[in-house]
Amino acid sequence: MTLRVLPASLLITALVSALAVVYSSHVVRGLYSKQQVVEYRQWELQEDYSRLLLEHSTLASPHRVVSIAQEDLAMTSPQLSIYRVVQPQNGRRR
Amino acid sequence: MSRSKKIVAKPALWRLIFIAFCLFVLFGLLVSRLVVLQVVDQDRGARFLKQQGAMRSVRTAEIPAYRGLVTDRRGEPLAVSTPVVSIWANPQQLKDSVQIARLAMTLGQTPEALSERINLYSDKQFMYLARHQTPDQARAILDLGLPGVRGEREYRRFYPAGEVVSQLVGLTNVDGEGIAGIELAYNEWLRGQTGKKRYLKDLHGDAIRNIGVIEQARSGKALALSIDLRLQYLQHRVLQRAMVETGATAGAAVTLDASTGEILAMTNHPVFNPNSRDGFDYAATRNRVVTDVFEPGSTMKPLTLVAALESGEFTIDSLIDTSPGRIRVGRKVLPDPRNYGEITVSRVIEKSSQVGVTKIAQQLGHESILDVFQRFGLGEPSSIGFPGERSGVLPNRQRWSDIEKVTLAFGYGLTATPLQIAHAYAVFANKGSQVPLTLLKRPESEVALGHQVISKEIAEQVLEVLNRVTGSEGTAQKARVEGFQVGGKTGTVHKVGEAGYLDDQYVALFVGVAPIEDPRFVTAIVVDQPKGDNYGGGAAAAPIYSAITDGVLRLHNALPASEDESPQFVGLGGGA
């Protein structure tokens, strides 16, 4: 009995494992292509991020802020005489 | 019938067996050969063949790592890595293409120049066509679909703040390794780990299948500096303008927070643009605040004052007779601008009187003055670890001549960097304790530990004298800041040439502490070779200090405390 069942079961196991190998390599290929897509997306996002970071720092650069404040908005540093120092309610000052 | 059958069948059987046997042997030979090639590992067996196959088709590629961001203390970016594409080609495949002219046009080169370069590398497998193209530019080139032309992902470093922090942040080379400044000093921290992946290529070198990642790329870590970009920009602007006004060849400025040891701003002149590598001056990449040493001159007189006060022989109100306005030491005569008569020790510093300081120094001896210099950190490198940093030298002589003993008290005969001078003054601003310097932002939870260099009382007395230097009798009236009380000391030093001190070339210095009631910010200014009559520390360097400190105090919401123009105080609910 065992002499007959053993080869048969080994054969089936081998077959199943062979199919499993085929299946898993298929899955790996699918996952790998997904990873590629995600990696490309990451690259693109990083591209956007760096560009926005640079754009932001260009727009917010002290150079630009100063020239807009002084030329377009005619702003100046306040004179000392118009300073108002707000004290905390309990009157505690240094 | 049956006989004839037997006659036909008999020879057929042994022939059949023979043929079958031959075929079987041949088949057996094939199988054994296969086993030899695939399983048995002889000298040209399985492993050798596998290797040969891999050599022809499996390639390893690098995955670039993202270099960490450098920011200022408020998170403003100072150095950013952006993805770019480098275009390369296999000249063997490209050289016969008819589309070279179109490629040259897209690359922005002349067809002749490109053909020449391709011919130059015609026996190679690899040449760069254009490095660091923006992704859009690269796409335009790759979309031409030329044989052997491929793109490679890389990162390029951009410096959004440009020349404002150029010497401090430094540079990376074209391969993304730090070569100067912070980029070099913290290269290991910033750079990350390049990854590796394996792929299969076809005959033309195109990747057909990725096998997998051997090593993941690891991104570099971000670095927050102690610099405040707003302050850095302000300091840069003030310094550049002053360089034009004074006609100086070089200049440096540094601002410290004495309570935490953080360097808030550090600028130099001349500057360079770190975003363009075409024809920049390597001398301009020097961070003069830490790499240039010179004699600190009169800015050391407050340290001599410390030695005088510590000796117990002087108070700031002790009287010193400076008549007749000059004094002979050895073979030299040291003059004052005019005869100040009998003045207090405080007034000696205010007026920067040579005669007064000489008399103090002669009474103290040089050892105690040298000891104070040493305790203030002069002659020793700071803790910031900046590439190319120098530490200056304190004199170490067997025999001291009379004039050497005296000039040490004026700050001659020793050298220091602007940073060291600022750090020495931080002692006065921090109740006599000196906190180690840092270029990195200190976490707010971290308490900066200093060590007590001088007593709190002496620090306060020196501060009071420094404040008087900017007063109506002092040498640094131009250092005053409207609405605040500040203190500092000027210095004017002869430059050293090949044949000793030069008569017509000076270094103008100013070091100041602000605000006097709650001292915290120390700023040192150095102006190298100011032209014209306004070459002194009080005329060339003090106004720069005033403009910078005005901004420093405003940005930190310091409370104005001027005697003449007091601001109005209102309660919280009151409004104004």
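As the structure is a prediction and not an experimental result, all values here were calculated from the model.

### Structural notes on the overall build of chain A
And step 1. Each helix and strand in chain A was counted, giving two helices and one strand.
And step 2. For chain A, the C-alpha radius of gyration of 36 Å lies well beyond 12 Å, the compact-globule estimate for 94 residues.
And step 3. Put simply, chain A has 94 residues, and 1% of those count as buried.

### Some details on the overall build of chain B
And step 1. Each helix and strand in chain B was counted, giving 19 helices and 22 strands.
And step 2. Rg of the C-alpha trace for chain B: 37 Å, well past the compact-globule value of 25 Å for 576 residues, more than 25% over.
And step 3. For chain B, the spread of C-alpha atoms along the three principal axes comes to 155 × 70 × 50 Å.
And step 4. For chain B, buried positions account for 43% of its 576 residues.
And step 5. Relative to all contacts within chain B whose residues are 6 or more apart in sequence, the contacts with residues 24 or more apart total 70%.

### With respect to the packing of helix α12 (residues 301–311) of chain B against helix α18 (residues 456–469) of chain B
Residues and elements named next belong to chain B.
And step 1. It is the contact of α12 with α18, at a shortest axis distance of 10 Å, that shows an interaxial angle of 135 degrees. By the angle between their directions, the pair α12 and α18 is classed as oblique. The chirality of how α12 crosses α18 is right-handed. Along the contact surface, α12 presents P302, L305, V306, L309 and E310, while α18 presents I458, Q461, V462, V465 and L466.

### Observations concerning the sheet that holds strand β21 (residues 521–528) of chain B
Residues and elements named next belong to chain B.
And step 1. One open sheet accounts for five strands, arranged β12-β11-β21-β20-β19; its pairing is antiparallel. In the strand order of this sheet, the two ends are held by β12 (262–269) and β19 (487–497), each with one partner. Along the sheet, successive strands turn relative to each other by an average axial angle of 15 degrees, direction set aside.
And step 2. Bridge count between strand β11 (residues 250–257) and β12: seven bridges; the pairing is antiparallel. Among the inter-strand pairings, D257 is bridged to a residue of β12, identified as E262.
And step 3. The strands that α18 touches are β19 and β20 (500–514); relative to β19, the one it contacts most, it runs at about 75 degrees.

### With respect to the sheet that holds strand β1 (residues 58–63) of chain B
Residues and elements named next belong to chain B.
And step 1. Strand order across the open sheet formed by three strands is β1-β8-β9, with antiparallel pairing between neighbours. Edge positions in the open sheet fall to β1 and β9 (207–215), since each of these has one partner strand only. When the angles between neighbouring strand axes are averaged without regard to direction, this sheet yields 30 degrees.
And step 2. Sheet analysis places β1 next to strand β8 (residues 195–201), joined by six bridges and oriented antiparallel. Of the residues in β8, the one forming a bridge with V58 is L200.

### Here's the deal with the environment of R56 of chain B
And step 1. Along the chain, the position of R56 of chain B falls in helix α2 (residues 46–57).
And step 2. Expressed as a C-alpha distance, the spacing of R56 of chain B and A541 of chain B, which sit 485 residues apart in the sequence, is 68 Å.

### Observations concerning unusual backbone geometry
And step 1. With an omega of 0 degrees, the peptide bond between S323 of chain B and P324 of chain B qualifies as cis.
And step 2. The omega angle of the peptide bond from A514 of chain B to P515 of chain B is -20 degrees, so this bond is cis rather than trans.
And step 3. Note that P515 of chain B resides in the loop between β20 and β21.
And step 4. Non-glycine residue A74 of chain A carries a positive phi angle of around 50 degrees.
And step 5. With respect to the helices, strands and loops of the structure, A74 of chain A is situated in the loop between α2 (62–72) and β1 (84–87).
And step 6. A positive phi is found at K431 of chain B, a non-glycine position, where the angle reads about 55 degrees.

### So, the environment of Q420 of chain B
All names here are of chain B.
And step 1. Relative to the elements of secondary structure, Q420 occurs in helix α17 (residues 418–429).
And step 2. Residue class for Q420 comes out buried when judged on the 27 C-beta atoms lying within 10 Å of it.
And step 3. Beyond its immediate stretch of four places on either side in the chain, Q420 contacts G377, L378, S382 and G392.

### A look at the confidence of the model for chain A
For residues with low pLDDT, the predicted coordinates do not support detailed interpretation.
And step 1. Mean pLDDT over chain A: 85, with 93% of residues reaching 70 or higher.
And step 2. Averaged over each element, pLDDT in chain A is lowest for β1 of chain A (76) and highest for α2 of chain A (90).

Reading the values: the criteria
Residues numbered from 1 in each chain as written. Chains lettered and ligands numbered in written order. Predicted model: local features only at pLDDT ≥ 70, side-chain atom pairs only at ≥ 80, totals over all residues. Helix = DSSP H or I, 4+ residues; strand = E, 2+ residues; numbered from the N terminus. Rg over C-alpha atoms; globule rule 2.2 N^0.38 Å. Buried ≥ 20, exposed ≤ 12 C-beta atoms within 10 Å, placed from the backbone. Contact = placed C-beta atoms within 7 Å. Axes fitted to C-alpha atoms, helices over the stretch in contact; angles between N-to-C directions. Parallel < 35°, antiparallel > 145°, perpendicular 65-115°, else oblique. Left-handed = near helix turned anticlockwise from the far one by under 90°. Pairing = 2+ DSSP bridges. pLDDT = per-residue confidence, 0-100.

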